[in-house]
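As a plain string of letters, each chain reads:
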Amino acid sequence: MKPPIFDYQAPVTIADAVRLLAGDADAVVLAGGQTLLPAMNFRAANPTLLVDIQHVAGLRGIAVGDDGVVVKAMVRHRELELDAAVLRVNPLVAEVMQHVAHIPIRTRGTVVGSLCHGDPSAEMPLLLVLLGGSVIAQGPAGQREIAAEDFFQSFLTTARRQDEIVVEARFPPLPPGAGWAFDEVTRRHGDYAIVGVGCVLALDDDGRVTGVRLAACGIADRPVRLKAAEALLNGTALGVSDLDAAVAASLPAVTQPDEMHVSASYRRRALGTLIRRMVAKAAQRARTGTMQ
Ligand SMILES: Cc1cc2nc3c(=O)[nH]c(=O)nc-3n(C[C@H](O)[C@H](O)[C@H](O)COP(=O)(O)OP(=O)(O)OC[C@H]3O[C@@H](n4cnc5c(N)ncnc54)[C@H](O)[C@@H]3O)c2cc1C
């Protein structure tokens, strides 16, 4: 199918890009186009104007520092996945990204575009929530920082206003000595997750949990922190009953209804299995201090 008729602009400054968006309520940002253009071809999106941001100055590059990893708006998935400095300080990023679509799509699609699309089954929104990150949105009134847990509001809906461009995403660092893990259940490799779970976990010398973060995608209308499970695991030595309790406390977070390919009860089983596996894997990495 072909898209409906639309206008196209390729500004080179962020001020012009914002002005174009603010001047047309049906204008949208075009980044890598890997989601937007198929949606237009299927007539699921009908924008009047595409504001292509690929030539806008200042929207490229990855910065790694004490505050974590900052990813500018036009950084492609594949650039982040292969960045040597990111791999060194936060290998969880690459572990997550291997599950995002396929290499040709990751080579065009942007990390920030994935966040802005706000698919509740997507992996990068989960990572931002898991690490407690944020985005910087720039609109006519200037810039504002939006925390991940406020940014993702419901299915394909974020806190970004129509006339704002997300100029960067901020992924905080892993805590020192923490283990980490991500995996998902999908029908085929490269599909969006049916359920995905990420875990970051630190242990003391006695093997007790000093801090754990758990998040899931695919289970609700947005990526979800599993705070009840975190509270039950903190301070424990990760015994069988601790994990049973954490899984049981997480199951109500599954609010996706039965669908053609997957029931809600299947999602609950997958969530429980992934929580157990990701906690075990993260704990193993924390114990051995491995970064791989
Ligand atoms: C076959 C296929 C399989 C895929 N599988 C997966 C998968 O398994 N997991 C996954 O996470 N993704 C998957 N994707 C989506 C892919 O990751 C996209 O690259 C990503 O979702 C969007 O990035 P983009 O740069 O292409 O954004 P675009 O398609 O250009 O834009 C997407 C949306 O975000 C908005 N937007 C983009 N950038 C900005 C910005 N800086 N500021 C404000 N708004 C912005 C656009 O207006 C649009 O509404 C798949 C895509 C395809 C085609």
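Keep in mind it's a predicted model, so treat the numbers as computed, not measured.

A few words now on the overall build of the protein. Helix and strand counts for the protein stand at 12 helices and 14 strands. Its C-alpha atoms give the protein a radius of gyration of 19 Å, near enough to 19 Å, the size a compact globule of 292 residues would have. The principal-axis extents of the C-alpha atoms in the protein amount to approximately 60 × 45 × 35 Å.

In the neighbourhood of the ligand, 30 residues make up the surrounding shell, with Gly32, Gln34, Gly109, Gly113 and Ala122 lying closest. Put simply, the parts of the chain that give the shell around the ligand at least two residues each are strand 2 (27-30), helix 2 (36-41), helix 7 (111-117), helix 8 (123-131) and strand 10 (165-171). The dominant element in the shell around the ligand, judged by the number of residues it contributes, is helix 7, at 5 residues. Of the residues belonging to the shell around the ligand, the class tally is 17 nonpolar, 10 polar and 3 charged.

The next point concerns the domain arrangement of the protein. By domain assignment, the protein separates into domain 1 (7-52), domain 2 (62-171) and domain 3 (179-288). Of the residues lining the interface, 12 residues belong to domain 1; the matching set on domain 2 comes to 17 residues. Of the residues forming the side of domain 1 that touches domain 2, the biggest block, 5 residues, is contributed by helix 1 (residues 14-22). When grouped by side-chain class, the residues that make up the side of domain 1 that touches domain 2 number 8 nonpolar, 4 polar and no charged.

Turning next to the nonpolar core. Formed by 89 residues in total, the largest nonpolar core has its most connected members in Ile53, Ile165, Cys199, Leu201, Ala216, Ile275 and Ala282. Ranked by residues supplied to this core, first place goes to helix 12 (residues 264-288) with 9 residues. Residues within four places of Cys199 in sequence aside, it is in contact with Trp180, Ala181, Val212, Leu214, Met278, Val279 and Ala282.

Time to look at the pairing of strand 13 (residues 209-217). When you tally the buried positions in strand 13, you get 7 out of 9 residues, the bulk of the element. Once strand 12 (residues 195-203) ends, the chain turns through 5 residues before running back antiparallel as strand 13, passing Gly207 with a positive phi of about 80°. Across 2 bridges, the pairing between strand 13 and strand 14 (residues 224-225) is antiparallel. Bridging from a neighbouring strand, Ala215 pairs with Arg225 of strand 14. Between strand 13 and strand 14, which follow one another and run antiparallel, lie 6 residues, and Gly218 among them has a positive phi close to 85°.

As a packed pair, helix 11 (residues 240-250) and helix 12 sit with axes 9 Å apart at the nearest point and diverge in direction by 140°. Our classification of the angle between helix 11 and helix 12 gives oblique. For the element pair helix 11 and helix 12, the recorded crossing hand is right-handed. Here helix 11 contributes Leu243, Ala246, Val247 and Ser250 to the contact with helix 12, which in turn contributes Leu271, Gly272, Ile275, Arg276 and Val279.

Another point: unusual backbone geometry. Located in the positive-phi region is Leu156, a residue other than glycine, with phi close to 55°. Along the chain, Leu156 turns up in the loop between strand 8 (152-154) and strand 9 (157-158). Even without a glycine there, the phi angle at Leu238 is positive, about 60°. Relative to the helices and strands, Leu238 resides in the loop between helix 10 (227-233) and helix 11. Since 19 C-beta atoms lie within 10 Å of it, Leu238 is described here as partly exposed.

Across 6 bridges, strand 6 (residues 134-139) lies against strand 7 (residues 142-147) in antiparallel orientation. Its bridge partner lying in strand 7, Ile136 is registered against Glu145. In sequence, strand 6 turns back onto strand 7 through a hairpin of 2 residues. Sheet topology note: the strand 6/strand 10 ladder contains 5 bridges and is antiparallel. Looking at strand 10, one finds that Val135 is bridged to Ala169.

With that settled, consider the sheet that holds strand 2. Overall, parallel pairing links the 3 strands, which are arranged 1-3-2 in an open sheet. The strands lining the two open edges of the sheet, one partner per strand, are strand 1 (7-9) and strand 2. Adjacent strand axes in the sheet meet at a mean angle of 25°, parallel and antiparallel pairs treated alike. Where strand 2 meets strand 3 (residues 49-52), 4 bridges bridge the pair, whose relative direction is parallel. Looking across to strand 3, one finds that Ala27 is bridged to Leu49.

A few words on the sheet that holds strand 7. Where strands meet in a sheet, backbone hydrogen bonds hold them as pairs that are either parallel or antiparallel. Spatial strand order, 4-5-10-6-7: 5 strands in an open sheet with antiparallel pairing. The sheet is open, and its two borders are formed by strand 4 (62-65) and strand 7, each paired with just one other strand. For this sheet, the mean inter-axis angle between neighbouring strands, taken without regard to orientation, is 20°. Where helix 1 meets the sheet, its contacts fall on strand 6 and strand 10, and the angle it forms with strand 10 comes to roughly 120°.

Calculation notes
Residues numbered from 1 in each chain as written. Predicted model: local features only at pLDDT ≥ 70, side-chain atom pairs only at ≥ 80, totals over all residues. Helix = DSSP H or I, 4+ residues; strand = E, 2+ residues; numbered from the N terminus. Rg over C-alpha atoms; globule rule 2.2 N^0.38 Å. Near = placed C-beta within 6 Å. Nonpolar A, V, L, I, M, F, W, Y, C, P; charged D, E, K, R; others polar. Domains from an automatic or database assignment. Contact = placed C-beta atoms within 7 Å. Core = buried A, V, L, I, M, F, W, Y, C linked by C-beta atoms within 7 Å. Buried ≥ 20, exposed ≤ 12 C-beta atoms within 10 Å, placed from the backbone. Pairing = 2+ DSSP bridges. Axes fitted to C-alpha atoms, helices over the stretch in contact; angles between N-to-C directions. Parallel < 35°, antiparallel > 145°, perpendicular 65-115°, else oblique. Left-handed = near helix turned anticlockwise from the far one by under 90°.

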